[in-house]
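Single-letter residue listing:
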Amino acid sequence: MTAFALEGVGLVRRYGGFTALDDVSLRLEPGEIRGLIGPNGAGKSTLMDTLCGRGGSTGGRVVLKGRDISGLSAEARRRAGLARSFQKTNIFPALTVKEQVALAARAAETDNTDEVLDALGLSHLARHRAADIAYGDQRRLDLALALVGRPSVLLLDEPAAGLSIKESIVLARLLKDLAGSWNVTVLLVEHDMEVIFTVSDRITVLNLGKVLAEGTREEIRANPEVVRAYLGSSVS
Ligand SMILES: Nc1ncnc2c1ncn2[C@@H]1O[C@H](COP(=O)(O)OP(=O)(O)OP(=O)(O)O)[C@@H](O)[C@H]1O
Ligand SMILES: [Mg+2]
């Protein structure tokens, strides 16, 4: 039996008396792109935090390629091959594009800076300061930082935030190509349904800290509970 790329089993996260994640489980097949959707405050970012070891957990297990990593720090999980990007950009404006990627490579104890710059189409901007490049390039730089060291699993929290629909689709296609050629498994949070339906193999819907549904895009689109809680009239 082959191991799942990433498993979260019975994850619980509480903030004081508030339960932000309530017994959430998910299993990602190697190489799949999983869309993670749900209303604001559903717990999507909290789930990513919990999977990657930020802010602690109040229950459950995280298993990476068959290995229980629940006891590892975020840094150790990163070195084990679990990377993430953040909802807000994570870049240092004063550093050059290449310096930032090199810094991330050092932290991940690898050196594939040039490969990553090339894969994200950023080589020609290597010597530019991050503050001076276009916003769309900054978003690709964010992705580059997460891809350093060729992680086996990538958690992406709204990587296309602030981009136009057209730019978002271009970024999503790039992501899909990379996931295929580098064999990366991706968990993708994204509010735009066109982007989610374009790239996701399967979709998980969170609502009020629980998994409301999981399935193919057709199943998710046709699920009345999902439509009621989230999709509303945004898909036809
Ligand atoms: N540090 C915290 N302390 C207290 N409550 C928090 C904290 N972080 C998140 N929450 C709460 O947990 C719930 C889930 O938040 P989370 O940020 O995971 O939602 P989300 O699905 O990522 O939403 P969005 O789509 O707006 O990014 C929300 O009700 C939020 O207010
Ligand atoms: Mg969020």
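Residues numbered from 1 in each chain as written. Chains lettered and ligands numbered in written order. Predicted model: local features only at pLDDT ≥ 70, side-chain atom pairs only at ≥ 80, totals over all residues. Heavy atoms only, no water.

Chemist: Explain the overall build of the chain to me, using residue names and the numbers behind them.
Modeler: Broken down by element type, the chain carries nine helices and 10 strands. Relative to a compact globule of 236 residues, whose C-alpha radius of gyration would be 18 Å, the chain shows 17 Å and is just as compact. Summarising its shape, the C-alpha atoms of the chain cover approximately 50 × 40 × 40 Å along the three principal directions. Every one of the 236 residues in the chain was classed for burial, and the buried ones make up 50%. By sequence separation, contacts in the chain at least 24 residues apart represent 67% of the contacts at least 6 residues apart. (Helix = DSSP H or I, 4+ residues; strand = E, 2+ residues; numbered from the N terminus. Rg over C-alpha atoms; globule rule 2.2 N^0.38 Å. Buried < 20%, exposed > 50% of the residue type's maximum accessible area, 1.4 Å probe, protein only. Contact = heavy atoms within 4.5 Å.)

Chemist: So what about the nonpolar core? Which residues, and what values?
Modeler: In terms of nonpolar packing, the biggest core is built from 50 residues, with Ile37, Leu141 and Val186 touching the most fellow members. Considering each element in turn, this core owes the most residues, seven residues, to helix H6 (residues 165–182). (Core = buried A, V, L, I, M, F, W, Y, C linked by side-chain atoms within 4.5 Å.)

Chemist: Can you explain the pattern of salt bridges? Please cite residues and give values.
Modeler: Applying the stated criterion across every chain yields a total of 13 salt bridges. Arginine 84 serves as the salt-bridge partner of aspartate 49, at 2.3 Å between the closest nitrogen and oxygen. Taken together, the positions of aspartate 49 in helix H1 (residues 44–52) and arginine 84 in strand E6 (residues 82–85) put the pair 35 residues apart, joining distant regions of the chain. The salt bridge involving aspartate 132 is made with arginine 129; its shortest N-O contact spans 3.3 Å. Each of Glu32, Arg34, Arg202 and Glu214 takes part in salt bridges that share partners, so that together they form one network. (Salt bridge = Lys/Arg side-chain N within 4 Å of Asp/Glu carboxyl O.)

Chemist: Lay out the environment of aspartate 177 with the relevant residues and their values.
Modeler: Along the chain, aspartate 177 turns up in helix H6. For aspartate 177, a relative accessible area of 56% corresponds to the exposed category. It is 9.9 Å that separates the C-alpha atoms of aspartate 177 and alanine 119, two residues lying 58 residues apart in sequence.

Chemist: How would you summarise the site of ligand 1 if you had to cite specific residues and measurements?
Modeler: The immediate surroundings of ligand 1 are formed by 14 residues, with Asn40, Gly41, Lys44, Ser45 and Thr46 found nearest. In the model, an oxygen atom of ligand 1 is placed 2.8 Å from a nitrogen or oxygen of the glycine 41 main chain. Between ligand 1 and the protein, one listed contact pairs an oxygen atom with a side-chain N or O atom of histidine 191 at 3.1 Å. Within the complex, the protein chains bury 61% of what would otherwise be the 640 Å² of accessible surface of ligand 1. Counting only elements with at least two residues in the shell around ligand 1, the list comes to strand E2 (18–28) and H1. Broken down by element, the residue count for the shell around ligand 1 peaks at three residues, all from H1. Grouping the constituent residues of the shell around ligand 1 by class yields five nonpolar, seven polar and two charged. (Near = heavy atom within 4 Å. Polar contact = N/O pair within 3.5 Å; in protein donor to acceptor, adjacent residues only side chain to side chain. Areas by Shrake-Rupley, 256 points an atom, 1.4 Å probe, with all protein chains shown as cover. Nonpolar A, V, L, I, M, F, W, Y, C, P; charged D, E, K, R; others polar.)

Chemist: An account of the packing of aromatic side chains is requested, with residue identities and associated values reported.
Modeler: This model, assessed by the stated rule, comprises zero aromatic pairs. The ring of tryptophan 182 carries the charged tip of arginine 150 above its face, separated from the ring centre by 4.3 Å. One residue, arginine 221, lies across the ring of phenylalanine 197, its end atom 4.2 Å from the ring centre. (Phe/Tyr/Trp six-rings, centres within 6.5 Å; stacked < 30°, edge-to-face > 60°. Lys NZ or Arg CZ within 6 Å of the ring centre and 35° of its normal.)

Chemist: Explain the sheet that holds strand E10 (residues 210–215) to me, using residue names and the numbers behind them.
Modeler: Sheet strands pair by backbone hydrogen bonding; their relative direction is either parallel or antiparallel. Here we have six strands laid out as an open sheet, ordered E6-E7-E8-E3-E9-E10, and mixed in their pairing. What marks the edges here is a single partner per strand, and that holds for E6 and E10. For this sheet, the mean angle separating the axes of adjacent strands, direction not counted, is 20 degrees. Of the strand pairs in this sheet, strand E9 (residues 202–207) and E10 are connected by five bridges, and their pairing is antiparallel. Across the sheet, the residue bridging to threonine 204 is glutamate 214, located in E10. Of the strands in this sheet, strand E3 (33–37), strand E7 (153–157) and strand E8 (185–189) touch H6, which is tilted by about 160 degrees from E8. (Pairing = 2+ DSSP bridges. Axes fitted to C-alpha atoms, helices over the stretch in contact; angles between N-to-C directions.)

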